[in-house]
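Coordinates in review
The chain contents come next:
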Amino acid sequence: MELPVVKLDRVSKNYHSLEGEIEALADISLDVDRGEFVSIVGPSGCGKSTLLSIVSGLIEPTAGKVWVQGREVKGNLQSVGYMLQKDHLFEWRTIRENAVLGLEIRNMKNKERVSYVNDLLDAYGLGDFMDCYPSQLSGGMRQRAALVRTLATEPEILLLDEPFSALDYQTRLAIADEIGSILKREKKTAILVTHDIAEAISMADRVIVLSKRPGNIKSIHSIELTCDKRSPMRCREAPEFSKYFNNIWKELDVHV
Ligand code: ADP
C-alpha cells in the first residue's frame, strides 16, 4: 500500500505567550492519502491554522511527529504550497511577475517552469491579463492568480487556509468550484481549513471536525455524494449533502 502523503502522529502544540501557556492542539493523528482532499472545520481558535503551519514546517509541534511524503518535517518544505485568505499579490508586479515569484524566491526559475506558468495562466482565464497589475483584476481573478503562483513550484500538497473567505458569496462559490476542479485535475493532495461547512463538504473526500481548543479530532466524515462529474457546485445538490451538513453542524455546536 502507498504511504500517506501527510502523516501526523500524536501531534500537540502549546504556545507560550505573556498570558501564559496556550494549549492549541492536543494529540492529533491523521493520515492524508495521495490525491485526497481533506477539509478541516472547527470552532474559531481551535488550532486549525496551527495544524497547517505544522504540516508546512513553519512551526514545530511541541510533541508528536509529522511526515510529508515519507520524510519527517523539519524546516520548510519545497513540496508544500500555501494559499491564504489574503492573496498576497504584490501590487507593483504584473500578474505574470507575481505568478513566477515563488519560482524566483526558490531559485527554481527556468524556461520550462515559466512556460508552465504561462500555460496555467492561460488555462485559468488569465491569459489576457498577464501584463495587468493586481488592482486591475477582480477578487476572484486575483485568487486564481495566487493559485497559479502556488502551483508554479509544482507542490505535491496544497494547504489552503480560508482561501475564499475574503471574497463575496457569489465569487466565493464560483472560485471554490474552479479551484476544487483545478486541484482534482492537477491531482494534488489538499488540506483546506474553513469555517464554512458547505464549502468543506462540497470540496472534500473527508471532513475532519476538530473540538474546541485544544483542538483534537472529534469526528471524521467520509464524503460520498451521488452526483455526475463531481464538482463542488454540483455536489451541493446531491441528496446526501444535507445529511452531512446537519451532522457536522451538530458536532460543531460548542454547547454539545
Ligand atoms: P484557528 O485557526 O482554529 O482559529 P489558530 O491555530 O489560529 O486557530 O490558534 C489556536 C490558538 O492558539 C488560539 O487560541 C490562538 O490565539 C493561539 N495562537 C495562535 N498562534 C499563536 C502564537 N504565535 N502565539 C501565541 N498564541 C497563539
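All of the points below concern the structure found in this document. (Residues numbered from 1 in each chain as written. Predicted model: local features only at pLDDT ≥ 70, side-chain atom pairs only at ≥ 80, totals over all residues. Heavy atoms only, no water.)

1. Some details on the overall build of the chain
To be explicit about the condition: In this text, helices come from DSSP runs of H or I with a minimum length of four residues, and strands from runs of E with a minimum of two, each type numbered from the N-terminal end. Radius of gyration here uses only the C-alpha atoms, and the compact-globule reference equals 2.2 Å multiplied by the residue count raised to the power 0.38. Buried, partly exposed and exposed residues are distinguished by accessible area as a fraction of the type maximum, computed with a 1.4 Å probe on protein chains only: under 20%, between the cut-offs, and over 50%, respectively. What makes two residues a contact is simply this: any of their non-hydrogen atoms within 4.5 Å.
Helix and strand counts for the chain stand at 8 helices and 10 strands. Against the compact-globule benchmark of 18 Å for 256 residues, the chain has a radius of gyration of 18 Å, which places it among compact chains. Expressed along its principal axes, the backbone C-alpha trace of the chain runs to roughly 50 × 45 × 45 Å. Classification of the 256 residues of the chain by burial places 51% in the buried group. In the chain, once contacts between residues fewer than 6 apart in sequence are set aside, the share between residues at least 24 apart is 69%.

2. Concerning the pattern of salt bridges
What counts is decided by this rule: In what follows, salt bridge is the name for a side-chain nitrogen of Lys or Arg lying within 4 Å of a carboxyl oxygen of Asp or Glu.
Considering all chains together, one arrives at 13 salt bridges under this definition. Note that Glu 104 is salt-bridged to Lys 109, the shortest N-O span being 3.2 Å. Of the residues examined, Glu 104 reaches a relative accessible area of 32% and is grouped as partly exposed. Here Lys 109 falls in the partly exposed class, since its relative accessible area comes to 46%. The shortest N-O distance in the salt bridge between Arg 172 and Glu 199 comes to 3.0 Å.

3. What to know about the side chain of Arg 149
Tracing the chain through its elements places Arg 149 in helix H5 (residues 139–152). On the accessibility criterion, Arg 149 (16% relative accessible area) is buried.

4. Re the packing of helix H4 (residues 111–123) against H5
Operational definition: Lines fitted to C-alpha atoms define the axes here, with helix axes fitted over just the stretch in contact, and angles between the N-to-C directions of these axes take values from 0 to 180 degrees. Relative orientations are named as follows: roughly parallel for angles under 35 degrees, roughly antiparallel for angles over 145 degrees, roughly perpendicular for angles from 65 to 115 degrees, and oblique for any other angle. The hand of a helix crossing depends on one turn: near helix anticlockwise from the far one by less than a right angle means left-handed, and clockwise means right-handed. Gly counts as polar in this scheme, as do all residues outside two lists: the nonpolar Ala, Val, Leu, Ile, Met, Phe, Trp, Tyr, Cys and Pro, and the charged Asp, Glu, Lys and Arg.
Orientation of H4 relative to H5, taken along the N-to-C sense of each, is 150°, at an axis distance of 10 Å. With respect to H5, the axis of H4 lies roughly antiparallel. Of the two possible hands of crossing, H4 and H5 adopt the one that is right-handed. Where H4 abuts H5, its residues Arg 113, Tyr 116, Val 117, Leu 120 and Leu 121 lie against Val 148, Leu 151 and Ala 152. Considering only residue class, the contact of H4 with H5 consists of 7 nonpolar, no polar and 1 charged.

5. Notes on the side chain of Thr 194
Worth spelling out the cut-off: Whenever two N or O atoms come within 3.5 Å, that pair is a polar contact, provided that in protein one can donate a hydrogen and the other can accept it, and provided that, for residues adjacent in sequence, both atoms are side-chain atoms.
Looking at the element boundaries, Thr 194 is found in the loop between strand S8 (189–193) and helix H7 (197–203). A distance of 3.0 Å separates the side chain of Thr 194 from the side chain of Glu 199, its partner in a polar contact. Leaving out residues up to four positions away in the same chain, Thr 194 has contacts with Ile 40, Val 41, Lys 48, Glu 162, Arg 172, Glu 199 and Ala 200.

6. A word on the pairing of strand S1 (residues 6–17)
Convention followed: Only strands that DSSP links by at least two bridges are regarded as paired with each other.
In the sheet, S1 pairs with strand S2 (residues 20–32) via 9 bridges, with the strands oriented antiparallel. When the bridges of S2 are listed, Val 6 appears paired with Val 32. Between the end of S1 and the start of S2, which pair antiparallel, lie 2 residues.

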